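Residue strings, one per chain:
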Amino acid sequence: MSRLEAKKPPLFISEPLTKDTVSQSLSLLSGILKSCYGPAGRLKQLHNGVGGYVCTTSQSSAILSRLSVSHPVLSVLTASVQNHISRFSDCGLFTAILCCSLVENFKSLNVASCTVIKISKHLLSLCMDYLKSEACGCRVSVDFSSLEALLCLVRSVLTSKPACMLNKPEVDHLTTLILKAFMFTVPCHVETNAVLGKCIIVPVKGRRVVDSTVLPGLLIETPDTQLAKPLAVKRTCSNMIKIALFCVSMSGDLSNPEEGTITVPYGISLEMSELNQLLNVGKQLVNDEVGLVVCQKVIHPSLKQYLKENHVITVDRAGLSLMEPLSRMTGSKPIASIHSLSPSCYGSLKDMRIEKFASKHFVHLIPNDTVVCSLILCNRNETAWDELKRACETAEHVLQLTIKEPLALLGGGCTETHLASYIRHKSCSLSTSSFKDIDCSRTQYQLVADGFCRSLESVACSLNHDDGEILTDMVYGHCWFVPSGFPSVSNWSDLVSKCGCGINGNTENLNWRLLQGQFGSPIIQGCPKDPSVKVADFLTLDCFAAKCSGLQVALETANLILDLSYIIEDQN
């Protein structure tokens with residue numbers, strides 16, 4: 001027998017944030033994420049140590065799911081951000097960068113962690129109250145009777161993903177398609193509890209992005225051998241196509257022996273018995289005037305032939321992912337047994353067509369009411385297509401969140417710098433009673449508030465990857481980017497034309513200052529109640545729900561990390 005190794009005691013690490021390894025790891029992660037941020041973000045290639053698939057991306061969802069972190073502090077941070085991404089899809093990098101910056105700034109303060117946490121919670125409540133108030137100067141309303149703000153939201157998502165490798169005409173084309181696809185999924189007849197439909201992304205790789213298109217209904221890929229002749233589909237007397245949807249195998253295979261014991265009388269063939277049952281199902285389908293049979297799994301060739309002779313179209317191997325949208329689109333109920341077939345399970349279609357994209361053939365199912373659509377998504381290669389698919393899914397989710405809460409926040413770093421200016425303004429005007437309620441001194445509050453504001457500003461600074469200066473104005477508190485190569489003593493008015501979000505132009509004396517300079521931000525005179533111009537198609541907008549959640553998750557996770565006193569690690 002091999003000798004048994006003595007069990008090791010757990011490793012206790014006290015005050016983990018004081019250790020150099022944590023600071024170095026946090027700084028490294030922050031640097032990686034900051035370098036990915038924004039339209040000019042640098043791409044990352046991720047792959048494992050033994051080769052395999054290489055992912056080229058700048059998106060947080062792809063990076064964090066493939067990035068291995070070993071330290072428990074970083075695991076807490078990445079898990080929190082990934083949970084945010086799973087719920088909102090957007091603002092993952094914003095959340096992660098802000099959280100890293102908050103931890104770094106807060107732990108450098110000579111203030112007890114418990115006091116920092118109490119003050120930061122108060123700062124968060126000030127931010128959330130302001131963002132949800134009508135007086136908020138970095139928030140715009142989204143009017144669904146007009147397309148401008150919706151187009152801005154989608155365009156902002158697409159342009160922030162450089163690995164998609166899109167030029168301006170391609171961005172404009174995809175922006176229109178994604179918005180059109182989303183509109184297809186909005187029910188025409190609003191009920192008490194309206195549920196949005198679904199957009200199915202159909203991959204076509206190796207084609208131009210501008211070849212992408214959106215179609216109402218569902219596309220099911222099928223071998224071209226089944227489509228040698230024009231479709232002659234059976235219709236009902238009302239000119240509709242009746243559809244039967246099977247989620248059970250119709251291949252005629254026997255049951256799995258592990259499911260139980262089967263006793264077969266002498267002279268009986270189980271295969272023939274199964275086939276006869278399938279043919280009986282086929283006869284009932286023909287008698288019930290079914291024109292289309294879709295099966296999640298495989299249909300027996302003999303049943304296919306019988307149905308074809310009776311002008312019933314068959315589509316098999318549809319897959320599990322299409323069952324729910326098919327059922328919803330047609331009103332059919334998936335049939336789970338070939339031994340019990342009820343006519344109430346049938347659904348209906350308006351029409352069927354054959355479509356061809358590149359080398360692929362599809363059956364195009366066109367419903368009566370469009371709540372499901374198909375986005376045929378093209379890109380030049382597999383890497384760019386994978387990144388574009390994630391971007392399109394994010395854009396669709398952003399639109400879904402916006403229809404629930406029709407608001408958006410100004411992008412391009414302007415919300416961050418505007419919030420920082422607002423918090424500095426509010427923190428200087430708090431009453432003495434407020435400090436007593438929080439149980440802190442004015443000095444402690446100012447220190448934490450300054451760290452909080454510098455963290456917000458560091459997120460805005462992360463958008464700049466070309467060593468140019470970054471400014472903020474003292475009127476609106478917006479973010480302005482100066483091209484690289486100009487000295488810091490330049491006349492800023494000659495170098496900037498629009499703020500980061502595009503809502504303010506260089507048309508008045510805005511009194512700029514360098515962002516993240518040596519001294520704290522001057523207090524702006526007052527926050528504008530409304531944007532100075534109407535929402536137009538050149539604005540950069542962020543999802544309101546996603547960014548508000550990201551702000552909360554970042555601060556709450558930073559507080560959790562600051563509150564860590566011990567890490568107990570099992571070494572066995």
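Along each chain, residues carry numbers from 1 onward, in the same order as the chain's sequence is written. Two thresholds apply to this predicted model, a pLDDT of at least 70 for residue-level local features and 80 or more for giving and counting side-chain atom pairs, whereas whole-chain, interface and lining totals are computed over all residues. For side-chain calculations, the full set of non-hydrogen atoms in the structure is used, while hydrogens and water are omitted.

Caption draft 1: How the structure looks around the overall build of the protein chain. Looking only at helices and strands, the protein chain features 15 helices and 20 strands. By the burial criterion, 49% of the 572 residues in the protein chain qualify as buried. Within the structure as shown, the protein chain displays about 27300 Å² of accessible surface, and the carbon and sulfur contribution to it stands at 52%. Counting from the N terminus, the helices are DSSP H or I runs at least four residues long and the strands are E runs at least two residues long. Only protein chains enter the accessibility calculation, which uses a 1.4 Å probe; a residue whose area is less than 20% of its type maximum is buried, one above 50% is exposed, and one in between is partly exposed. What sets the accessible areas is the Shrake-Rupley method with a 1.4 Å probe; for residues, cover comes only from the shown protein chains.

Caption draft 2: Local environment of the packing of helix α1 (residues 20-36) against helix α4 (residues 92-107). The geometry of α1 relative to α4 is characterised by a closest axis approach of 9 Å and an angle of 145° between their N-to-C directions. In terms of crossing hand, the pair formed by α1 and α4 is left-handed. Contact residues: S23, L26, S27, L29, S30, L33, K34 and C36 in α1; L93, A96, I97, C100, V103, E104 and K107 in α4. Residue polarity follows a fixed list, in which Ala, Val, Leu, Ile, Met, Phe, Trp, Tyr, Cys and Pro are nonpolar, Asp, Glu, Lys and Arg are charged, and the others, Gly among them, are polar. Class assignment for the residues of the contact of α1 with α4 results in nine nonpolar, three polar and three charged. Angles shown run from 0 to 180 degrees and are taken between the N-to-C directions of axes, each axis being a line fitted to C-alpha atoms and, for helices, limited to the stretch in contact. For a crossing to be left-handed, the near helix must be turned anticlockwise from the far one by less than a right angle; the clockwise case is right-handed. Whether two residues are in contact is decided by their heavy atoms, any of which lying within 4.5 Å being enough.

Caption draft 3: Examining a nonpolar patch on the surface more closely. On the surface, a nonpolar cluster with roughly 380 Å² of combined accessible area is contributed by F12, Y566 and I568. Here Y566 shows up in strand β20 (residues 566-569). Patch building starts from residues that exceed 30% relative accessible area and form no salt bridge, then joins like charges within 9 Å and nonpolar side chains (Val, Leu, Ile, Met, Phe, Trp, Tyr) within 5 Å. What counts as a salt bridge is simple: a side-chain nitrogen of Lys or Arg found within 4 Å of a carboxyl oxygen of Asp or Glu.

Caption draft 4: Representation of the packing of aromatic side chains. Any pair of Phe, Tyr and Trp rings, taking the six-membered ring for Trp, is counted once the centres come within 6.5 Å. Such a pair is stacked with planes under 30 degrees apart, edge-to-face with planes over 60 apart, and tilted for the rest. Evaluation of the coordinates by the stated rule reveals four aromatic pairs. With 5.5 Å between their ring centres and 65° between their planes, F435 and Y445 make a pair best called edge-to-face. On the criterion of sequence distance, the pair formed by F435 in helix α13 (residues 432-438) and Y445 in helix α14 (residues 442-461) is long-range, its members being 10 residues apart. For the pair formed by F435 and Y445, the shared burial category is buried. Seen from the ring of F94, K547 lies directly overhead, with NZ or CZ sitting 4.8 Å from the centre. Ring-over charges, as used throughout, are those where CZ of Arg or NZ of Lys falls within 6 Å of the ring centre and within 35 degrees of the ring normal.

Caption draft 5: Region of the structure containing the sheet that holds strand β5 (residues 198-205). Taking strand neighbours across the sheet as the criterion, the three strands line up as β5-β14-β6 in an open arrangement whose pairing is mixed. Of all the strands in the sheet, the pair left with one neighbour each is β5 and β6 (213-216). Ignoring strand direction, the axes of neighbouring strands in this sheet form an average angle of 20°. Relative to strand β14 (residues 372-379), β5 runs parallel, the two being bridged by eight bridges. Following the sheet pairing, P203 is matched in β14 by L377. In the packing of helix α11 (residues 382-404) onto the sheet, the strands contacted are β5 and β14, and the crossing angle to β5 comes to about 165°. Strands qualify as paired when DSSP identifies two bridges or more between them.

Caption draft 6: A look at the pairing of β14. Among the eight residues of β14, eight are classified as buried, and the element is accordingly described as predominantly covered. Residues V372, S374, I376 and C378 of β14 are buried on one face, and the alternating residues C373, L375, L377 and N379, pointing to the opposite face, are buried as well. Note that β6 and β14 share four bridges and pair antiparallel. The residue of β14 that forms the bridge with P216 is C373.

Caption draft 7: Just empty space enclosed by the protein, in detail. A cavity here means a set of points on a 1 Å grid, drawn over the protein atoms and nothing else, where a 1.4 Å probe fits but cannot get out; a pocket is an open set with protein on both sides within 12 Å along at least five of seven lines, and a residue lines either one if it has an atom within 4 Å of a point. Grid points are joined across faces, edges and corners, and a volume is the space filled by probe spheres set on the points. Summed over all chains, the structure comprises three cavities of 30 Å³ or more. Put simply, the largest cavity is a space of about 60 Å³. In terms of lining, the largest cavity is formed by I178, A181, F182, C199, I201, L375, C392, E393 and E396. Elements with a contribution of two residues or more to the lining of the largest cavity: α7 (168-185), β5 and α11. For the lining of the largest cavity, a count of residues per class yields seven nonpolar, no polar and two charged.

Caption draft 8: Expanded view of the environment of I200. Here I200 is to be found in strand β5. Look at I200 and you get buried, because its relative accessible area is 14%. Spatially, the C-alpha atoms of I200 and L377 are 9.9 Å apart, while their sequence positions differ by 177 residues. Aside from chain neighbours lying at most four places away, what touches I200 is L218, L322, P325, V372, C373, S374 and L375.

Caption draft 9: Structural view of helix α10 (residues 323-330). Where burial is concerned, most of α10 is hidden: six out of the eight residues are buried. Positioned one or two residues after α10, G331 has a phi angle of 80°, which is positive.

Caption draft 10: Quick peek at the packing of helix α12 (residues 414-427) against α14. Taken N-terminus to C-terminus, the directions of α12 and α14 make an angle of 170°; their axes are 8 Å apart at the nearest point. Looking at the two axes, α12 sits roughly antiparallel to α14. Residues E416, T417, L419, A420, I423, R424 and S427 of α12 touch α14, and the partners they reach there are R442, Y445, Q446, A449, D450, F452, C453, R454, L456, E457, V459 and A460. In the contact of α12 with α14, the residues fall into 10 nonpolar, three polar and six charged. In this scheme, roughly parallel covers angles under 35 degrees and roughly antiparallel covers those over 145, while 65 to 115 is roughly perpendicular and the rest are oblique.

Caption draft 11: Layout of the nonpolar core. The definition of a nonpolar core used throughout is a set of buried Ala, Val, Leu, Ile, Met, Phe, Trp, Tyr and Cys residues joined through side-chain atoms within 4.5 Å. Counting residues in hydrophobic clusters, the biggest one holds 122 residues, and the most contacted among them are L123, L131, I423, Y445, F452, L541 and L551. Domain ranges listed in this record stem from an automatic or a database domain assignment. Counting only domains with at least three residues in this core, you end up with domain 1 (11-138 + 410-569) and domain 2 (143-217 + 376-405). Once residues within four sequence positions are removed from consideration, L551 is found in contact with F94, L98, L124, C127, M128, L131, L419, F452 and L456. One finds L218, I220, V294 and V315 within the second-largest nonpolar core, a separate group that totals 22 residues.

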